[in-house]
Every structure is written in structure tokens, then in C-alpha cells.
Amino acid sequence: MTPILSTRNLNLSYGAKQVLYDIDLPFEEKSVTALIGPSGCGKSTLLRCMNRMNDLIADCKVTGEILYRGEEIMNSDPVLLRRKIGMVFQRPNPFPKSIYDNIAYGPRAHGTKDAKTLDNIVENSLKGAVLWDEVKDRLHESALGLSGGQQQRLCIARTLAVNPDVILMDEPCSALDPIATSKIENLIMDLKKKYTVIIVTHNMQQAARISDTTGFMYLGKLIETGTTGTIFSNPKEELTERYITGRFG
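Scope of this entry: the structure provided in the associated data block. Given the structure is predicted, the values throughout are model-derived calculations rather than measurements. (Residues numbered from 1 in each chain as written. Predicted model: local features only at pLDDT ≥ 70, side-chain atom pairs only at ≥ 80, totals over all residues. Heavy atoms only, no water.)

On to the packing of helix α4 (residues 115-128) against helix α6 (residues 148-160), then. In the contact formed by α4 and α6, the axes pass within 8 Å of each other and the chain directions differ by 130°. In terms of orientation, α4 and α6 fall into the oblique class. Crossing geometry of α4 relative to α6 is assigned as right-handed. Contacts between α4 and α6 involve Ser-125, Leu-126 and Gly-128 from the first element and Leu-154, Ala-157 and Leu-160 from the second. For the contact of α4 with α6, the class distribution of residues is four nonpolar, two polar and no charged. (Axes fitted to C-alpha atoms, helices over the stretch in contact; angles between N-to-C directions. Helix = DSSP H or I, 4+ residues; strand = E, 2+ residues; numbered from the N terminus. Parallel < 35°, antiparallel > 145°, perpendicular 65-115°, else oblique. Left-handed = near helix turned anticlockwise from the far one by under 90°. Contact = heavy atoms within 4.5 Å. Nonpolar A, V, L, I, M, F, W, Y, C, P; charged D, E, K, R; others polar.)

This is how it looks when you write it as C-alpha cells:
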């Protein structure tokens, strides 16, 4: 089966400093892929390549290929690309607007003006992020009044509102308590029924719980990738095994 998204011989440098080396990694449709590895190994940089967030960084040079549905993403309009490949960041970043306006922001920006259509998008997106029942009576209150876990689910709902194919998540639970983390993990496992999810996580237990495929990165290189069960129980590379078992360093 052709992957929905893939990198081929991907290299990235900031000025003279090379950060990613020859990354070849396919991402299957409607699955969860976890990227694990120590801090500074290039996980988040790789994630940001996939919807061209690194375009915003001066002196960033990318070579190789990143293919979305078989097309090179560097040839696409980045605004339209980010509609199909959405991003959820490490810390919740709701807009200082109402809950409703946070969700409606993207559809409005892409030309949706009809009030009934927007109402449906807001409701369906919040339901998709398992947040509707908690906020349906306060849609016009500030999103900044939500808890951290609710804010993160709001940001996921905001991403769903523009109907993406792929959702990139950069350590979405690192700022959350265990209960909120559990809700996000359950949500991710539910989202893969409709979306492709790629998550960067430092939490190996989280990767083991929620992902179908795991890639282990070290010093900008993809050391090993495979089914999550295989990576955690029978990795091919000694470096992977040392990291998984905590004998790293």
C-alpha cells in the first residue's frame, strides 16, 4: 500500500549545522506513528518538515524528498498544505478568542462564511476531539478559561475543523497531568479511524500504548523503524535496545 506521506533521503541543516541525515520513513494512512529518541535527536525538526514549518526559520536548508500522496510538498502552497497536514504543539496554544471562534477560525480563513455550516463544523470538530459535552454550554466564553487538557483537545478540534488528512503532534501531553494525558491518548487511538497521526514523544510507555509504528532517532539519524510491538520487544539495533531498556548513555 502506498504511504500517505513519506520522506526519502531527507537532510536538513540550519546554516552549517546538519540536524537530519538521510531520513527514509513512510507513514501509512489511518495509523499512528510514534517518533522516539533522546532530546535533540531531530524528532521535532523532522515533524516540522512535514508541513513546512521549517520554512519560517532563516538559514534552513532541506534536501531530499517529502511526498504527500505522491507529490513533493516543496512544490505545494504551504497554506493549503497545512490545511491537509495539521499540527498540534507541545503546549496548548488557543487563540485569545471564544471557544467557538477558535474552531471557526480556520474554516473562515478558507472561505466558509455560512453561519449554519460553521455551527456544524464547530460541533463536529469538538465532538471529534471529545470535548463537545464539556463546552457546549460555554461556546462563547474565552478558550483561555479551559483547563490545560481541555485547551489541548480544543487545539486538536481546531485542527480537525479544516478537514486534514494528517495530524502532526509534537509531545502533545508533556504539559498535561496523567488524567488529561489519558484522555488525549484515548483520543489519538480514536482519531486513527479517520486520520493519519504522527506523534513525537519522550514517553516510551505512551508510544507503546498508542502507536502502530515506532521510529527511533539518534543524533539526527533514523536508527530503526518497525511495528511498535517489534521495536519494543525485539529491536534489530543494539542502540535501539539500549534506549528502550534504559541502558542508554
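Note that an α-helix has 3.6 residues per turn; residues three or four places apart therefore point the same way. Among all positions of helix α3 (residues 99-109), only Ile-99, Tyr-100, Asn-102, Ile-103, Ala-104, Gly-106 and Pro-107 are buried. Backbone geometry just after α3 places Gly-111 at a positive phi near 105°. (Buried < 20%, exposed > 50% of the residue type's maximum accessible area, 1.4 Å probe, protein only.)

In a regular helix each residue adds 1.5 Å, so 14 residues correspond to 20 Å; helix α7 (residues 178-191) covers 20 Å between its end C-alpha atoms and thus fits that length. Contacts from the buried residues of α7 go to β3 (32-36), α4, α6, β7 (166-170), β8 (196-200) and α8 (204-210). The opening residue of α7 is Asp-177, an N-cap whose side-chain oxygen sits 3.0 Å from the backbone nitrogen of Ile-179. (Expected span 1.5 Å × (residues − 1). Polar contact = N/O pair within 3.5 Å; in protein donor to acceptor, adjacent residues only side chain to side chain.)

Right, let's get into the packing of aromatic side chains. The tally for this structure, following the rule as stated, stands at two aromatic pairs. For the ring pair Phe-216 and Tyr-243, a centre distance of 5.0 Å and an interplane angle of 25° mean the geometry is stacked. Placement of Phe-216 in strand β9 (residues 213-218) and of Tyr-243 in helix α10 (residues 238-244) is noted, with a sequence separation of 27 residues between them. Here Phe-216 and Tyr-243 have matching classes, each one buried. The side chain of Arg-158 reaches across the aromatic face of Phe-95, ending 4.1 Å from its centre. Positioned over the ring face of Tyr-21 is Lys-221, at 5.6 Å from the centre of the ring. (Phe/Tyr/Trp six-rings, centres within 6.5 Å; stacked < 30°, edge-to-face > 60°. Lys NZ or Arg CZ within 6 Å of the ring centre and 35° of its normal.)

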